[in-house]
Amino acid sequence: MKNVLVYVQHKNGQTPKVTFEMATQARKLADALGGKAHALVVGPGSSQLAETLKTYPLDAIHVNDDGDVDKYLLDPTIDYLDAAAKAIGPSLVLVANTLTGKDVAGRLVARLHAGICADAVDFKLDGGKVVAVMPKLGGAAITDCELLAGDYGVVTIRPNAFAAQAGGAGAGVQAIEKPAGMSYTVVVEKDVEESSGELALEEAPVVVAGGRGLGGPEPFDTLLKPLAAALGGAVGASRAAADAGWVPYNLQIGQTGKTVSPPLYIAVGISGAIQHKVGMRSSGTIVAINKDGQSPIAEFSDLLVVGDAFAIVPELTKLVQAAKS
Amino acid sequence: MKIVVTVKLVPDPNAEKRIDNGTKRLVRTGVETVLNPYDEYALEAALQIKEKAGGDTTVTVFSMAPESLKETLRKALAMGADDAVLLSDAGLEGSDVWASSYAISHALKKIGFDLLIVGGLSDDGSTGATPGALAEYLQTPLITNARKAEIADGKLKIERETDTGYQDVIAPLPCVLTTALTFGEPRYASLKGIMGAKKKTIAPMSVADLGLDHAVGQSGSKTQLLSFAPPPVRGKGQVIEAADGAAGAKAIFDFLKERKLV
Ligand SMILES: Cc1cc2nc3c(=O)[nH]c(=O)nc-3n(C[C@H](O)[C@H](O)[C@H](O)COP(=O)(O)OP(=O)(O)OC[C@H]3O[C@@H](n4cnc5c(N)ncnc54)[C@H](O)[C@@H]3O)c2cc1C
Ligand SMILES: Nc1ncnc2c1ncn2[C@@H]1O[C@H](COP(=O)(O)O)[C@@H](O)[C@H]1O
């Protein structure tokens, strides 16, 4: 394992921030292994995205604007990745730990007969060894896992865990040829984007999350959104709130929702059930607002203010807004 | 139609877990082994598809787990699966994701299926990589995160969740599917189901049945677990009773300012 290959997930050239976190980390890994940092970006909008990627410290960016990538579900993407990985030899493939990233990683495990470390938040490198650090069992354990040096390795990367830092050599952008002789069977008939241009939950530096204590959908708009906006963050929710239909499921945080680790997490009217906790407990600072001083969230928040969310949140929003202006 | 559902047996996700500092292992006392929650959703999807399809559609559950957990698997039969296959072998111990997927795919090839439904994520492994690896080894199309499924003319029509919205996709059978939690809440086992499950078969399978070309278990794995430790403790923080909204807000604001978060 010498070279590093970053899979760039995107839609029409729009990519999550974790791509740049991976590009930055790829440089460090490649330097430690004595190899090169590559990236693969395929599908409509790739050439345009490659221009942005060029400002990150990569050595080579392999590009193809192939329309089949969006027409068929993932199969063409995997063939490109397989070809790119085999062209550069036993390497470390970095993939974002997203829904799509999990699928890509799993398929590469079989294609490349590769080991996998999932949801890495750090690397330890010593003497050509690659060791990924990952929280497991919902954060109850931290594991160090080594990838065998002679084989391919795949690592999925938790968003927000690594820094993104532009700069560096200015990679060469090169066309990658479409793998020949492949036929694809899973056809995408309709593709709907629902995220309304708001900051993605996993990438937000501040998450303001609401739970059953908010009592309905309105307070998410009238209480939480203004506070999140003032702090430059995004709104999230507990499963109770998502199940009640107050917010869409893509805002749900926890075991069966998203895992977030922002520098600041504010839980409003959330009790702190274990299934919620595992999705946010690695946040930098955790602040809770809850009527009940005995709720489980008291056990893992840095500050719990016992009181009524409806009284506290608007006042807090005002203070934050005032401090900004 | 033959539907197969993979079910992993995992330490109860609802239990508060603790790593023993000395042994570096999960403290198992007081932690029950249960069906992986995502796999209960996968099984629910299979049962719904079976009910809709009718005829001679069957649902088989498959698990790779120690023989001693056989009775835990019976819950899947009580929920409504027709039969089960349990792959157990000392030689599988310590298998990583690559080795398990490799072994499981060979078992599934032997069992055969028109539709294979895999859970999206295991609670203890949490890689989410198994479905993709299985689909590749089985050389079968893969559709993940399905929230609605329809089968017509031997084709599978799926509505699936994506990172940014949803998609409608179509694939031929046989196919590998994973389900999103929005597919439907898993049903409870009825008393009749529980009684009936006692008579259903759990067929044993071992590594010798699989005809593998590569070693599995710890020695065949491509990753090595170097350490497994409790995370740095996050001490219980401050608790402040707010006299009113303004006081509560000020307490938070001051705290955030002190930590340079505003
Ligand atoms: C398999 C499985 C998976 C699950 N996955 C998830 C998951 O991914 N994410 C998740 O969040 N949950 C998940 N759950 C559900 C979880 O167990 C809890 O039921 C859920 O997190 C509770 O949500 P809550 O904290 O919003 O509601 P509650 O537990 O009802 O808490 C509401 C809180 O609001 C407080 N409150 C009420 N009024 C006010 C007020 N005016 N001001 C301030 N505070 C107030 C109350 O004191 C209480 O603490 C899962 C459960 C299972 C079984
Ligand atoms: N030992 C196993 N036995 C049966 N199914 C498994 C096993 N390991 C993983 N799976 C399936 O693969 C899914 C994803 O697991 P993972 O890749 O570990 O997150 C699970 O939800 C199961 O359906």
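Everything in this summary refers to the structure shown in the same document.

With that out of the way, let us pick up the site of ligand 2. Residues and elements named next belong to chain B. For ligand 2, the set of nearby residues contains 19 residues, the closest of which are Asp39, Ser122, Thr127, Gly128 and Thr130. Within the backbone of Met64, an N or O atom sits 2.9 Å from a nitrogen atom of ligand 2. Ala129 places a main-chain nitrogen or oxygen 3.2 Å from an oxygen atom of ligand 2. With the chains in place, 96% of the 480 Å² that ligand 2 exposes on its own is no longer accessible.

This next bit is on the site of ligand 1. Residue and element names in this part refer to chain A. Lining the immediate environment of ligand 1, one finds 26 residues, of which Ser238, Thr256, Ser271, Gln275 and Asn290 sit closest. In the environment of ligand 1, an oxygen atom lies 2.7 Å from a nitrogen or oxygen atom belonging to the backbone of Arg212. Relative to its free-state accessible area of 990 Å², ligand 1 is covered by the protein chains to the extent of 78%. The class makeup of the residues in the shell around ligand 1 is six nonpolar, 15 polar and five charged.

Relative to the elements of secondary structure, Gly153 of chain A occurs in strand E9 (residues 153-157). In this structure the C-alpha to C-alpha distance between Gly153 of chain A and Pro90 of chain A, which are 63 residues apart in sequence, comes to 7.9 Å.

In this section: the pattern of salt bridges. Residue and element names in this part refer to chain A. If you walk through the whole model with that rule in mind, you get 36 salt bridges over all chains. With a shortest N-O distance of 2.5 Å, Asp68 and Lys178 are connected by a salt bridge. Of this pair, Asp68 sits in helix H3 (residues 68-71) while Lys178 sits in the loop between strand E10 (172-175) and strand E11 (187-193), placing them 110 residues apart in sequence. Accessibility expressed as a relative area gives 17% for Asp68, which makes it buried. For Lys178, a relative accessible area of 33% gives the class partly exposed. Close ionic contact of Asp119 with Arg158 constitutes a salt bridge, the shortest N to O distance being 2.8 Å. With Asp119 in strand E5 (residues 115-120) and Arg158 in the loop between E9 and E10, this residue pair connects regions lying 39 residues apart in the sequence.

Residue and element names in this part refer to chain B. Structurally, the position occupied by Met79 is in helix H2 (residues 70-79). Placed 110 residues apart in sequence, Met79 and Ala189 show a C-alpha to C-alpha distance of 4.4 Å. When near neighbours in sequence (up to four residues on either side) are disregarded, Met79 contacts Leu35, Glu40, Leu43, Leu47, Pro186, Arg187 and Ala189.

Let us look at the sheet that holds strand E1 (residues 3-7) of chain A. Residues and elements named next belong to chain A. Ordered in space as E5-E9-E4-E1-E2-E3-E10, the seven strands form an open sheet in which the pairing is parallel. Strands at the two margins of the open sheet, each flanked by one partner only, are E5 and E10. Going from strand to strand, the sheet's axes swing by 20 degrees on average, the running direction of each strand aside. With four bridges joining them, strand E3 (residues 60-64) and E10 adopt parallel strand pairing. By the bridge assignment, Ile61 is partnered in E10 with Val173. Strands E1, strand E4 (91-96), E5 and E9 of the sheet are contacted by helix H5 (residues 99-111), whose axis makes an angle of about 155 degrees with E4.

Let's shift gears to the sheet that holds strand E1 (residues 2-6) of chain B. One open sheet accounts for 10 strands, arranged E11(A)-E9(B)-E8(B)-E7(B)-E10(B)-E6(B)-E1(B)-E4(B)-E5(B)-E11(B); its pairing is mixed. Strands with a single pairing partner mark the edges of an open sheet, and in this sheet they are E11 of chain A together with strand E11 (202-205) of chain B. For this sheet the average axis-to-axis angle between neighbouring strands, irrespective of direction, equals 30 degrees. For E11 of chain A and strand E9 (residues 165-172) of chain B, the ladder comprises six bridges, and the chain directions are antiparallel. For Val192 of chain A, the partnering residue across the bridge sits in E9 of chain B and is Tyr166 of chain B. Against the sheet, helix H3 (residues 97-111) of chain B touches E1, strand E4 (58-64), strand E5 (83-87), strand E6 (115-118) and E11 of chain B, its axis set at about 150 degrees to E4 of chain B.

Residues and elements named next belong to chain A. Strand E14 (residues 264-268) sits mainly inside the fold: five of its five residues count as buried. Alternating residues of E14 divide into Leu264, Ile266 and Val268 and Tyr265 and Ala267, and every residue in both groups is buried. With five bridges joining them, strand E12 (residues 206-210) and E14 adopt parallel strand pairing. Along E14, the bridge assignment pairs Val207 with Tyr265. Bridge count for E14 against strand E15 (residues 285-290) is five bridges, and the pairing is parallel. Bridge pairing links Ile266 to Val287 in E15.

Here is what the cut-offs are and how they apply
- Residues numbered from 1 in each chain as written.
- Chains lettered and ligands numbered in written order.
- Predicted model: local features only at pLDDT ≥ 70, side-chain atom pairs only at ≥ 80, totals over all residues.
- Heavy atoms only, no water.
- Near = heavy atom within 4 Å.
- Polar contact = N/O pair within 3.5 Å; in protein donor to acceptor, adjacent residues only side chain to side chain.
- Areas by Shrake-Rupley, 256 points an atom, 1.4 Å probe, with all protein chains shown as cover.
- Nonpolar A, V, L, I, M, F, W, Y, C, P; charged D, E, K, R; others polar.
- Helix = DSSP H or I, 4+ residues; strand = E, 2+ residues; numbered from the N terminus.
- Salt bridge = Lys/Arg side-chain N within 4 Å of Asp/Glu carboxyl O.
- Buried < 20%, exposed > 50% of the residue type's maximum accessible area, 1.4 Å probe, protein only.
- Contact = heavy atoms within 4.5 Å.
- Pairing = 2+ DSSP bridges.
- Axes fitted to C-alpha atoms, helices over the stretch in contact; angles between N-to-C directions.

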